[in-house]
Amino acid sequence: MVSPSPTTSSPLDSRRFLFVTGKGGVGKTTTTAAIALALAARGRKVLVVSSDAKERLSELFDAPPLGPELSQLAPNVQGVRPEPAKALREYGAMILKSRLLTEAVFDSKYTRGFFAGVPGMSEWAVLGKAWFHATETDDAGRPRFDTVLFDAPATGHGLDMLRVPKILVELTPPGVLRRDAEAAWTMFRDPAQSGVVVVTLPEDMPTNETLELVHALEHELGLPLARLVVNAVLTQLFSVEERARLLEARPSAAPGGEALRAGARRAIREAIQQEALQRLRGVSAAPVLLPRLLGESANLAAARQLAHYF
Ligand SMILES: Nc1ncnc2c1ncn2[C@@H]1O[C@H](COP(=O)(O)OP(=O)(O)O)[C@@H](O)[C@H]1O
Ligand SMILES: [Mg+2]
């Protein structure tokens, strides 16, 4: 049986920036909502940033769709979905510091593509906006948000976006852009401030990709793994011996044959899950195991249920 673990000293609570990534469809958005609710319940002010044009994050809060302006999703939880073009323009305006210059750069037919043509600029506008909110302070100098949760896009490993500040640091000339990218990159690499939450399913292929992803995080990018989350874990019904017997049994047309076949199918899935979990524990000793939900999984009740695990 998968049961919530004690949540008092979760390694997520102290971090200001969390990047939730993993393959498409594994439950990144669901996990983002669950973490947001868990942190908010412990009194942290949370901002969730969706990078997905067809975001479904708001559904998990039973809230209207997210837009480019911050909106309230739940007590202590706000959300935003930056539009790359708009975020780029905002960022350009900040760098150029003049309305006329901004209009000249963004509205002239000759230079309209100027920023958009810089590789990674459109991704940076979105990620940089999330980073900016993670550093934002109120009038009294207190952080506006305790935690910014970034629900990463499903492209490739979801790592492409995280590579952008690194590339900007390496390739752009000194200036505001490079300064911001450097500050963001320093924050993202600091385990006291940031971390990556990697989400996967307890299956063979997702496990292979997750092991590669964690390896790239740690060795290529030097980004801290905050949590490994294994989503949609089945309750184990059979022991190893029972699984073996079910798989050996030759279901016939005799009464009970259908039940035996169903049992054998389940035994196979449990065996695959068991092996995946064993491999995943090789890179993270104590992954968070989220149960497979049986009912509706894309609403606030589901997100609340999963929040207990963080
Ligand atoms: N633990 C779970 N149990 C059952 N269904 C789930 C669970 N987690 C996610 N789902 C469902 O799986 C689908 C993909 O989840 P989602 O969080 O949108 O993944 P991603 O953001 O990685 O693409 C959605 O329909 C979601 O409701
Ligand atoms: Mg998603």
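Before we go on, may I ask you to explain the overall build of the protein chain in this structure?
When its secondary structure is counted, the protein chain shows 10 helices and 8 strands. Expressed as a percentage of its 310 residues, the buried residues of the protein chain come to 39%. A separation threshold of at least 6 residues defines the contact pool for the protein chain, and within that pool the share at least 24 residues apart is 70%.

I'm lost on helix H5 (residues 159-171) in this one. Help?
The terminal C-alpha atoms of H5, which comprises 13 residues, lie 18 Å apart, in line with the 18 Å expected from a rise of 1.5 Å per residue. Packed against the buried residues of H5 are strand E1 (17-21), helix H4 (121-135), helix H6 (176-189) and helix H7 (204-221).

What am I meant to see in the nonpolar core here?
Generally speaking, a soluble globular protein has its nonpolar side chains buried in company with each other. Ranked by size, the top nonpolar core spans 74 residues in total, and within it Leu 18, Ala 34, Ile 35, Ala 36, Leu 37, Leu 149 and Val 197 carry the most contacts. Filtering out sequence-adjacent residues up to four positions away, Ala 34 remains in contact with Ala 303, Leu 306, Ala 307, Tyr 309 and Phe 310.

Is there a simple way to explain the site of ligand 1 in this structure?
With respect to spatial proximity, 17 residues lie near ligand 1, and among them Lys 28, Thr 29, Thr 30, Leu 293 and Ser 297 are the closest. Broken down by secondary-structure element, the contributors of at least two residues to the shell around ligand 1 are helix H1 (28-41) and strand E7 (225-233). A per-element tally of the shell around ligand 1 places H1 first, with 3 residues. A class-by-class count of the residues in the shell around ligand 1 yields 6 nonpolar, 8 polar and 3 charged.

Even after reading the chapter, I still don't get the sheet that holds strand E6 (residues 194-200), so can you show me in this structure?
Sheet strands pair by backbone hydrogen bonding; their relative direction is either parallel or antiparallel. The mixed open sheet is built from 8 strands, whose spatial order is E3-E4-E2-E5-E1-E6-E7-E8. Every interior strand has two partners, whereas the edge strands, strand E3 (71-74) and strand E8 (288-291), have only one. Averaged over all adjacent pairs, the angle separating strand axes in this sheet is 25°, with direction ignored. Pairing of E1 with E6 involves 5 bridges; the strand directions are parallel. Paired with Thr 21 across the two strands is Val 198, which belongs to E6.

I keep staring at the packing of H7 against helix H9 (residues 257-280) and nothing clicks. Help me out?
Two measures define how a pair of helices packs: the angle their axes make with one another and the distance between the axes. Running from N to C, H7 and H9 cross one another at 5°; their axes reach a closest spacing of 9 Å. Considering the angle they form, H7 stands roughly parallel to H9. Only Ile 272, Ala 276, Arg 279 and Leu 280 of H9 make contact with H7, whose side of the interface consists of Asp 204, Thr 207, Thr 210 and Leu 211.

What's the story with the environment of Leu 237 in this structure? I'm lost.
For Leu 237, the position within the fold is in the loop between E7 and helix H8 (240-248). For Leu 237, a count of 14 C-beta atoms within 10 Å corresponds to the partly exposed category. Through-space distance from the C-alpha of Leu 237 to that of Arg 266 is 8.4 Å; in sequence the pair is 29 residues apart. Excluding anything up to four places from it in sequence, Leu 237 contacts Arg 266 and Glu 270.

Here is what the cut-offs are and how they apply
- Residues numbered from 1 in each chain as written.
- Chains lettered and ligands numbered in written order.
- Predicted model: local features only at pLDDT ≥ 70, side-chain atom pairs only at ≥ 80, totals over all residues.
- Helix = DSSP H or I, 4+ residues; strand = E, 2+ residues; numbered from the N terminus.
- Buried ≥ 20, exposed ≤ 12 C-beta atoms within 10 Å, placed from the backbone.
- Contact = placed C-beta atoms within 7 Å.
- Expected span 1.5 Å × (residues − 1).
- Core = buried A, V, L, I, M, F, W, Y, C linked by C-beta atoms within 7 Å.
- Near = placed C-beta within 6 Å.
- Nonpolar A, V, L, I, M, F, W, Y, C, P; charged D, E, K, R; others polar.
- Pairing = 2+ DSSP bridges.
- Axes fitted to C-alpha atoms, helices over the stretch in contact; angles between N-to-C directions.
- Parallel < 35°, antiparallel > 145°, perpendicular 65-115°, else oblique.

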